[in-house]
Each structure stands twice: as C-alpha cells, then as structure tokens.
Amino acid sequence: MIDTVRNLLSKHGGIPVAVDQLADTDDLYDAGLSSFASVQLMLALEEEFDVEFPEHLLNRKSFASISAIAAALSEIVEDQEVA
C-alpha cells in the first residue's frame, strides 16, 4: 500500500521534492503539498483503491504524511470488509 501511495503522491501531489527522498513520516505539507493537491491525491487514491474517504477522514491530519494516508486507507478498507 505504501508503494502505491508514494506512486500516486508523485503523480498527483505536485510537491517539489522527489517522493522517494521522503520518509514515510515526513510532513507532506512542509514538503510542498497544497490543499488543492491533497484533494487531487485523495481522488486518485479513491479511484485506485475503489474506496471513498468518509467525512471524518477529510482533514489535513489524514494527508499529513505517507504513513497517515496509509493508515486512513487501511481504516477505510477494514470498515468496508466489516460492512
């Protein structure tokens, strides 16, 4: 999942640093992720993983790092499997 998040971040994040140079816990907003790019990234993640981000995960914290994005996606996938 982390590799897919990194790939989509490199395509849709619009950050000026190489994604492969970022640690999983680095702050993506400090690296240059804008609010607009985070929405583009979210849409790409939803399409790739066939999920929809619930309202409680539509916040800056959910997209603050690669790890945070992966955790949010894991939560969504787990919730879908339970439902």
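These numbers were taken from a predicted model, which means no experiment stands behind them.

Undergrad: Describe the environment of Asp20, and please don't skip the residues or the numbers.
TA: Inspection of the secondary structure puts Asp20 in the loop between α1 (2-12) and α2 (35-49). The spatial distance from the C-alpha of Asp20 to the C-alpha of Arg6 is 7.5 Å, given a sequence separation of 14 residues.

Undergrad: Give me the side chain of Glu46: which residues, what numbers.
TA: Mapped onto the elements, Glu46 comes out in helix α2. Buried and without a salt bridge, Glu46 has Lys11 as its closest oppositely charged side chain, separated by 17 Å. If we skip the residues at most four places from it in the chain, Glu46 touches Val51, Glu52 and Phe53.

Undergrad: Let's hear about the environment of Ile76: which residues, and what values?
TA: Assignment of secondary structure puts Ile76 in helix α3 (residues 66-82). On the basis of relative accessibility, which here comes to 5%, the residue Ile76 falls in the buried class. Remark: the alpha-carbon pair of Ile76 and Thr4, spanning 72 residues in sequence, is separated by 16 Å. Sequence-distant contacts of Ile76, that is, excluding residues within four places in its chain, are made with Val51, Glu52, Phe53, Pro54 and Leu57.

Undergrad: Lay out the pattern of salt bridges in plain terms, naming residues and giving numbers.
TA: Enumeration over the complete set of coordinates arrives at 1 salt bridge. In this structure, the salt-bridge partner of Arg6 is Asp24, at a minimum N-O distance of 2.7 Å. In this pair, Arg6 is assigned in helix α1 and Asp24 in the loop between α1 and α2, connecting sequence segments 18 residues apart.

Rules behind the numbers
- Residues numbered from 1 in each chain as written.
- Predicted model: local features only at pLDDT ≥ 70, side-chain atom pairs only at ≥ 80, totals over all residues.
- Heavy atoms only, no water.
- Helix = DSSP H or I, 4+ residues; strand = E, 2+ residues; numbered from the N terminus.
- Buried < 20%, exposed > 50% of the residue type's maximum accessible area, 1.4 Å probe, protein only.
- Lys, Arg positive; Asp, Glu negative; His and termini not counted.
- Salt bridge = Lys/Arg side-chain N within 4 Å of Asp/Glu carboxyl O.
- Contact = heavy atoms within 4.5 Å.

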